[in-house]
Amino acid sequence: AMSVMISGLSIANIAGVPGGAALGQHLGWRSSSPAVAVLSLVGLVGVVALVPRTRSAATARPRLRSGLRLYRAPLVWLAVLTTALFGAATLCLFSYLAPLLTEVTGLGEHGVPVVLTLFGLGALGGTVLGGRTADAHLFGTLHAALGSATAVLLLFAVTAELPGCVVALSVLLGFTAFAAAPRSTPGCSTWPRRHPRWRAPPTPRPATSAPRRPWLGGVVIDAGLGHASTAFLGALPAALGLAAAQA
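Residues numbered from 1 in each chain as written. Predicted model: local features only at pLDDT ≥ 70, side-chain atom pairs only at ≥ 80, totals over all residues. Heavy atoms only, no water.

A. Examining the overall build of the protein more closely. Within the protein, the regular secondary structure consists of 12 helices and 0 strands. Starting at the N terminus and ending at the C terminus, the protein contains elements arranged as α-α-α-α-α-α-α-α-α-α-α-α. Scored against the burial criterion, the 247 residues of the protein give a buried share of 40%. In the protein, the proportion of contacts linking residues at least 24 apart, taken out of those at least 6 apart, comes to 78%. With the model as given, the accessible surface of the protein reaches about 13,400 Å², and the carbon-plus-sulfur share is 69%. (Helix = DSSP H or I, 4+ residues; strand = E, 2+ residues; numbered from the N terminus. Buried < 20%, exposed > 50% of the residue type's maximum accessible area, 1.4 Å probe, protein only. Contact = heavy atoms within 4.5 Å. Areas by Shrake-Rupley, 256 points an atom, 1.4 Å probe, with all protein chains shown as cover.)

Printed below as a string of structure tokens:
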């Protein structure tokens, strides 16, 4: 169920991210904002029209205090740490992928949407395959995806000037990132039953790693290390996330 939900994000990477890049190139960067607003309105209308109304079976109203008690468990913070590190690892590079492609790899601006589309296709494939394998090998899938993402980021850094390698590694990065996404986002309904030590809610990764993704990459670029250094930097939290997942 989690992989089906996240496949929507994968599809957004196929259409939305390249589409936004193309809009920015032809109509200016502000053009993407009204486009997002229109698509959001379409999505809202779809939810109101198509999602059935349901009544909660719970006898008592949910309380914020009860949810916050979850964070008293140290292993919950281990899950939060894993998801935050992996999210930061992938998007530390992805946030600066467009300038890396044009300034380091040497691709033209028209090639950027193409590479972003390939990243999205890899993400969709990783979501589908990872969702299937995780049902039988939950932590094996997570460990394999985290380890593979670390290797892909390191290879990305050392081959950033080779267009063919960068294009192929962009697909692999999308695949490995989203193969782990349903597994590294705790709160999936099957995890508490099968693996009680992973019972964190599904929100920590975007909440804790999102502000750090572009900031970390910007720090190393401002230090004069170049755009390719964001891949080296991303490999570090990916490796740490792998270590945390195995703890």
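B. Local environment of the environment of Cys92. Looking at where Cys92 falls in the secondary structure, it is placed in helix α4 (residues 74-94). A residue is classified by how much of its surface remains accessible, and Cys92, at 1% relative accessible area, is buried. Residues Cys92 and Thr230, 138 residues apart in the sequence, show an inter-C-alpha distance of 6.1 Å.

C. Fine view of the environment of Ala160. Relative to the helices and strands, Ala160 resides in the loop between α7 (138-158) and α8 (163-184). For Ala160, a relative accessible area of 3% corresponds to the buried category. Separated by 54 residues in sequence, Ala160 and Gly106 have C-alpha atoms that sit 9.5 Å apart. The residues touching Ala160, leaving out its near neighbours within four places in the chain, are Leu100, Val104, Thr105, Val166 and Ala228.

D. Quick peek at the packing of α4 against α7. Two numbers describe how α4 lies on α7: the axes approach to 11 Å, and their chain directions differ by 25°. With respect to each other, α4 and α7 are oriented roughly parallel. Note on packing geometry: the crossing formed by α4 with α7 is left-handed. Contacts between α4 and α7 involve Thr82, Phe86, Ala89 and Leu93 from the first element and Leu146, Ala149, Leu153 and Phe156 from the second. (Axes fitted to C-alpha atoms, helices over the stretch in contact; angles between N-to-C directions. Parallel < 35°, antiparallel > 145°, perpendicular 65-115°, else oblique. Left-handed = near helix turned anticlockwise from the far one by under 90°.)

E. Examining the nonpolar core more closely. Ranked by size, the top nonpolar core spans 25 residues in total, and within it Leu93, Leu97, Leu101, Leu153, Phe156 and Leu173 carry the most contacts. Elements with a contribution of two residues or more to this core: α4, α5 (97-105), α6 (111-136), α7, α8 and α12 (229-246). With residues near it in sequence (within four places) discarded, Leu97 still touches Leu116, Phe156 and Ser170. If you look at the next biggest cluster of nonpolar residues, it comprises 11 residues, including Leu138, Ala145, Ala180 and Leu242. (Core = buried A, V, L, I, M, F, W, Y, C linked by side-chain atoms within 4.5 Å.)

F. Just the side chain of Ser170, in detail. In this fold, Ser170 is placed in helix α8. Setting aside anything within four residues of it in sequence, one finds Ser170 in contact with Leu97, Val115, Phe119 and Phe156.

G. Structural detail: α5. The set of residues buried in α5 consists of Leu97, Leu100, Leu101 and Thr105. Taken around the axis of α5, the buried residues stretch over an arc of 100°, which confines them to a single face. (Arc of directions from axis to C-beta.)

H. Inspection of the confidence of the model for the protein at higher detail. When pLDDT is averaged along the protein, the result is 77, and 78% of the positions lie at 70 or above. Per-element confidence in the protein is highest for α5, whose mean pLDDT is 90, and lowest for helix α9 (residues 191-194), whose mean pLDDT is 43. Ignoring residues within four places in sequence, the model shows residues 186-209, a span with pLDDT below 50, making 60 contacts including any to other chains. (pLDDT = per-residue confidence, 0-100.)

I. Looking closely at the packing of α4 against α12. Relative to each other, α4 and α12 sit at 160°, their axes nearing to 8 Å. One way to sum up the angle between α4 and α12 is to call them roughly antiparallel. Along this stretch, α4 crosses α12, giving a crossing that reads as left-handed. On α12, the residues that touch Leu78, Leu81, Thr82, Leu85, Ala89, Cys92 and Leu93 of α4 are Thr230, Ala231, Leu233, Gly234, Pro237, Ala238, Leu240, Gly241, Ala244 and Ala245. When its residues are assigned to classes, the contact of α4 with α12 shows 13 nonpolar, 4 polar and no charged. (Nonpolar A, V, L, I, M, F, W, Y, C, P; charged D, E, K, R; others polar.)

J. Looking closely at α4. If you check α4, its first and last C-alpha atoms are 31 Å apart, about what 21 residues at 1.5 Å a residue would give, namely 30 Å. Most of α4 is tucked away: 16 of the 21 residues are buried. (Expected span 1.5 Å × (residues − 1).)

K. A positive patch on the surface, seen in detail. Together, Arg63, Arg65, Arg69 and Arg72 make up a region of like positive charge exposed at the surface. Here Arg65 shows up in helix α3 (residues 64-68). (Patch = residues over 30% accessible without salt bridge, like charges linked within 9 Å, V, L, I, M, F, W, Y side chains within 5 Å. Salt bridge = Lys/Arg side-chain N within 4 Å of Asp/Glu carboxyl O. Lys, Arg positive; Asp, Glu negative; His and termini not counted. Charge placed at Lys NZ, Arg CZ, Asp CG, Glu CD.)

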